[in-house]
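Residue-level structural notes
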Amino acid sequence: MIHNDDLNDQLGDDHIATSAETPLRSDAFEMSDEEKINSIKKDVENILNTLGLDLTDDSLKGTPNRVAKMFVKEIFGGLHPHKKPGSSTFENKYKYGEMLVEKNITVYSTCEHHLLPIVGRAHVAYISNGTVVGLSKMNRIVDYYAKRPQVQERLTIQIVQELQRVLNTEDVACVIDAKHLCVNSRGIRDIESSTVTAEFGGKFKEDKVRREFLDYIKLDTTF
Ligand SMILES: [Zn+2]
């Protein structure tokens, strides 16, 4: 019989995503950020103590608070719906039917199965129906969803769905090429491998359109 924890370990090591939504509880934001930082600080203290580290050492003294702040305010700061980038779009009829591509958007995320970094690049494209967004907006949307415990497939889908909503079109695509430190630095220790995920909406499902996008980004997996 396989123990439940073992089964969960395996699910995580295989990086299987279970849904397009980040699995948040309904009470996720009942605590304030400050309350969360205080609670996580004690948890990190406990982890380091359990590992036998001396938390009175000058170098380690500030670590629990530093890590707690980093979790809540930075690397998992994109969990809070209030931090979602505003959806300002503008009309540009000259761009109608044109493919707009923003490539090489830096992705810093965190694997939700191991809590280790995912580092890579996102390439995002849409075909304008007359509505356009500023290019930095695409970077901000990528960054917002990256700042969560993530699974790369889910991150890719969340970026596409948000842009589809903002631009009011199905014609959005995203390709992410990223390295997972949980794969590169532990487990099978494969330093060279990277993972490519793609989501093609609307017209990007057509071969010709998809090829045009992929030609624009000329996927180069070195970084
Ligand atoms: Zn992982």
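All residue numbers here refer to positions counted from 1 along the written sequence of the relevant chain. Reporting in this predicted model follows two pLDDT cut-offs: at least 70 for local features of residues, and 80 or more for side-chain atom pairs to be given and counted; totals over whole chains, interfaces and linings ignore these cut-offs and use all residues. For the side-chain quantities, the full set of heavy atoms in the structure was used; hydrogens and water were omitted.

Named according to an unreviewed UniProt entry, the chain is GTP cyclohydrolase 1 originating from Flavobacterium suncheonense GH29-5 = DSM 17707. Heading Sequence similarities (unreviewed entry) of the UniProt record for the chain holds this comment: "Belongs to the GTP cyclohydrolase I family." UniProt positions are given in the numbering used here, feature names are shortened, and annotations may be inferred rather than shown by experiment. Of the comments in the UniProt record for the chain, the one headed Catalytic activity (unreviewed entry) reads "GTP + H2O = 7,8-dihydroneopterin 3'-triphosphate + formate + H(+)".

1. A look at the overall build of the chain
Across its full length, the chain carries 8 helices and 7 strands. To sort residues, take the accessible area from a 1.4 Å probe on protein chains only and compare it with the maximum for the residue type: under 20% means buried, over 50% means exposed, and anything in between is partly exposed. With 223 residues in all, the chain has 39% of them scored as buried. Only heavy atoms enter the contact rule, under which two residues are in contact if any of them lie within 4.5 Å. Long-range contacts, defined as pairs at least 24 residues apart, comprise 71% of the intrachain contacts of the chain with a sequence gap of at least 6. Accessible surface, the chain: about 13,200 Å² in total, of which carbon and sulfur atoms supply 51%. Where helices and strands are cited, they refer to DSSP runs of H or I of at least four residues and of E of at least two residues respectively, numbered from the N terminus. Residue exposure ignores everything except the shown protein chains as possible cover, and the areas themselves are Shrake-Rupley values with a 1.4 Å probe.

2. Some points on the environment of Val 183
Structurally, the position occupied by Val 183 is in helix 7 (residues 181–184). Residue classification places Val 183 among the partly exposed positions, given a relative accessible area of 22%. Separated by 67 residues in sequence, Val 183 and Leu 116 place their C-alpha atoms 9.4 Å apart.

3. Looking at helix 4 (residues 63–75)
Expected span, for any helix, means 1.5 Å times one less than how many residues it has. With 13 residues, helix 4 extends only 16 Å from end C-alpha to end C-alpha; this falls clearly short of the ideal 18 Å at 1.5 Å per step. Lining the buried residues of helix 4 we find helix 2 (33–50) and helix 3 (58–61).

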